[in-house]
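Below, each chain spelled out in residue letters.
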Amino acid sequence: MLLNVNELSLSLKRAGKYSKILDQISFQVEEGETVGIVGESGCGKSMTALSLMRLLPEKALLEGEVNFQGEKISGYSKRKLEKIRGNQVSMIFQDPLTSLNPLHTVGTQIEESLLLHTKMTKKERRKRVLQLLNDVGLPRAEDLIDEYPHQLSGGMRQRIMIAIAMACEPQLLICDEPTTALDVTVQAQILELMNKIKKETQMGIIMITHDMGVVAEVCDRVIVMYAGKIVEEGPVLEIFQNPKHPYTQGLLDSIPKLGQRKEKLGSIPGTVPAPENMVVGCRFADRCSHAMDICRTVHPPMIGIKENHQTACWLYEEGDEKDGSIGSHKLEAALH
Ligand code: SF4
């Protein structure tokens, strides 16, 4: 297993007191697998990514275990983690313009991680930079190497970010909304590039997105997060065909389908509760049309619906789909 995250919790200090941002997050990523983490803003997706590499504010309280290639990296010093970052684990963020240094050429910025993490000579580094520019589909690499970020389009800048991330051939790539700031055509090209990279390398990828369409394009497995907790997890096809959690169903309802008029798209009423206003039971209860009494008092545990498909919702009971039985809570909801 490439990455094993076990009961990761994160608390941040806000207005003088600690609030839980992530609550016992557990998941795995295998080599060559692309795992999507989805949810609306404020669900904890980006914080999950930043917690893996401990890119957190100073007073953050992080609990739980992160194992990378069998090593418990959650116990590493910041210095030891820095050696992994940009080398074995790379990250791509939403806005390439703020991630790139406007004062340095594209070539220098791609070369930087080679300089930091490899023993390549200057000539070897230049050759690798040109090859990377080529790999991410950028034309006229020989000229581009000396250009500055402001001379490039948004899509080109995001390709540069991908080239930087790929420079040291990482085993794990974490992408946080890599296509959100791009227009639809460029978004499609970047997703195509991600799929090409996925096919050509054995890299594990974590794709953080609010967009189920992006998940459908590139992911093998999907983790749905709501208010700092995982509420559903399973293979992409299974989640799309057979979503169980009412929140996942709401997210899928908001994807435009062929032939559907835009104004008929479903959306989930209400907003994600703030960490300082977290409720006792199911955190989705205030927005859920199936909410029952138990939902407001006890948080539902994560249960297996069938192999590799789990959800945390009182509508279901362990192995619901294996024997076709209806859980008593589901029955209660039907009678509600
Ligand atoms: Fe809705 Fe209850 Fe399931 Fe939460 S546990 S999603 S409130 S039915």
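Preceding block: the structure.
Residues numbered from 1 in each chain as written. Predicted model: local features only at pLDDT ≥ 70, side-chain atom pairs only at ≥ 80, totals over all residues. Heavy atoms only, no water.

Applying the stated criterion across every chain yields a total of 15 salt bridges. Glu147 serves as the salt-bridge partner of Arg140, at 2.8 Å between the closest nitrogen and oxygen. Residue class for Glu147 comes out buried when judged on its relative accessible area of 14%. Across the pair Lys306 and Glu238 runs a salt bridge, and its minimum N-O distance is 3.3 Å. A residue pair is termed long-range when its members are at least 10 positions apart, and Lys306 in strand β11 (residues 303-306) and Glu238 in helix α10 (residues 236-241) qualify at 68 residues. (Salt bridge = Lys/Arg side-chain N within 4 Å of Asp/Glu carboxyl O. Buried < 20%, exposed > 50% of the residue type's maximum accessible area, 1.4 Å probe, protein only. Helix = DSSP H or I, 4+ residues; strand = E, 2+ residues; numbered from the N terminus.)

Let's shift gears to the environment of Asp23. Note on placement: Asp23 falls in strand β2 (residues 17-29). Each C-alpha atom of the pair Asp23 and Val236 lies 23 Å from the other, and the pair is 213 residues apart in sequence. Apart from residues lying up to four places away in sequence, Asp23 is in contact with Leu8, Ser9, Gly228, Lys229 and Arg283. (Contact = heavy atoms within 4.5 Å.)

Here we take up the side chain of Ser51. For Ser51, the position within the fold is in helix α1 (residues 45-52). Here Met47 takes part through its backbone oxygen, which lies 2.6 Å from a polar atom of the side chain of Ser51. (Polar contact = N/O pair within 3.5 Å; in protein donor to acceptor, adjacent residues only side chain to side chain.)

With that out of the way, let us pick up empty space enclosed by the protein. Under the definition given, this model contains two cavities of 30 Å³ or more. Along the wall of the largest cavity there are 13 residues; nearest its centre are Cys282, Cys288, Ala291, Cys295 and Cys313. Across the lining of the largest cavity, the residue classes tally to 11 nonpolar, two polar and no charged. Counted as a void, the second largest cavity has a volume near 30 Å³. (1 Å grid on protein atoms, 1.4 Å probe; cavity = no way out; pocket = protein on both sides within 12 Å on 5 of 7 lines; lining within 4 Å. Points joined across faces, edges and corners; volume = space filled by probe spheres on them. Nonpolar A, V, L, I, M, F, W, Y, C, P; charged D, E, K, R; others polar.)

In this section: the pairing of β11. Two strands pair when backbone bridges link them, and β11 and strand β12 (residues 309-311) are joined in this way by three bridges, in the antiparallel orientation. By the bridge assignment, Gly304 is partnered in β12 with Gln310. Between β11 and β12, which pair antiparallel in sequence order, lie two residues; one of them, Asn308, sits at a positive phi of approximately 70 degrees. (Pairing = 2+ DSSP bridges.)

This next bit is on the pairing of strand β3 (residues 34-38). Summarising burial for β3: five of the five residues are buried, a large majority. Judged by which residues are buried, β3 turns out to be covered on both faces: Thr34, Gly36 and Val38 on one side and Val35 and Ile37 on the other are all buried. Relative to strand β8 (residues 204-209), β3 runs parallel, the two being bridged by five bridges. When the sheet's bridge partners are listed, Val38 is paired in β8 with Thr209. Bridge analysis of β3 against strand β9 (residues 221-226) gives four bridges, and the strand direction is parallel. Counted as the bridge partner of Ile37 is Ile223 from β9.

For soluble globular proteins, nonpolar side chains are generally found buried alongside one another. Core analysis: the biggest nonpolar cluster contains 102 residues, and Leu3, Phe27, Leu133, Ile160 and Ile206 have the highest contact counts within it. Broken down by element, the residue count for this core peaks at eight residues, all from helix α7 (residues 154-166). Counting only domains with at least three residues in this core, you end up with domain 1 (98-167) and domain 2 (243-257 + 266-335). Residues contacting Leu3, with those up to four places away along its chain left out, are Phe27, Gln28, Val29, Leu52, Val66, Asn67, Phe68, Leu172 and Ile206. (Core = buried A, V, L, I, M, F, W, Y, C linked by side-chain atoms within 4.5 Å. Domains from an automatic or database assignment.)

It is worth spelling out the environment of Glu233 at this point. Tracing the chain through its elements places Glu233 in strand β10 (residues 229-235). Among the residues examined, Glu233 registers a relative accessible area of 9% and is labelled buried. With 184 residues separating them along the chain, Glu233 and Ala49 place their C-alpha atoms 17 Å apart. Once you skip the residues sitting within four places of it in the chain, Glu233 turns out to touch Ser26, Arg221, Val222, Ile223, Ile239, Met302, Asn308, His309 and Gln310. Here the side chain of Glu233 touches Arg221 through a polar contact of 2.6 Å, side chain to side chain.

Applying the stated criterion to the full structure yields three aromatic pairs. Here the aromatic rings of Tyr226 and Phe284 are separated by 5.1 Å at their centres, their planes lie at 80 degrees, and the arrangement is edge-to-face. Here Tyr226, found in strand β9, pairs with Phe284, found in the loop between α11 (246-253) and β11; they are 58 residues apart in sequence, far enough to count as distant. A connected cluster of aromatic rings, assembled from ring pairs, spans Tyr226, Tyr247 and Phe284. Lying over the aromatic face of Tyr76, Lys80 brings its terminal NZ or CZ to 4.2 Å of the ring centre. (Phe/Tyr/Trp six-rings, centres within 6.5 Å; stacked < 30°, edge-to-face > 60°. Lys NZ or Arg CZ within 6 Å of the ring centre and 35° of its normal.)

To continue, consider the sheet that holds β11. In space, the eight strands of this open sheet follow the order β6-β7-β8-β3-β9-β10-β12-β11, with mixed pairing throughout. One side of each edge strand has no neighbouring strand; the edge strands of this open sheet are β6 (89-92) and β11. Averaged over all pairs of adjacent strands, the angle between strand axes in this sheet comes to 20 degrees, irrespective of strand direction. The strands touched by α7 within the sheet are β6 and β7 (172-176), with β6 carrying the most contacts at an inclination of about 170 degrees. Along the sheet, α11 contacts β3, β9 and β10; its crossing angle with β9, the most-contacted strand, is approximately 110 degrees. (Axes fitted to C-alpha atoms, helices over the stretch in contact; angles between N-to-C directions.)

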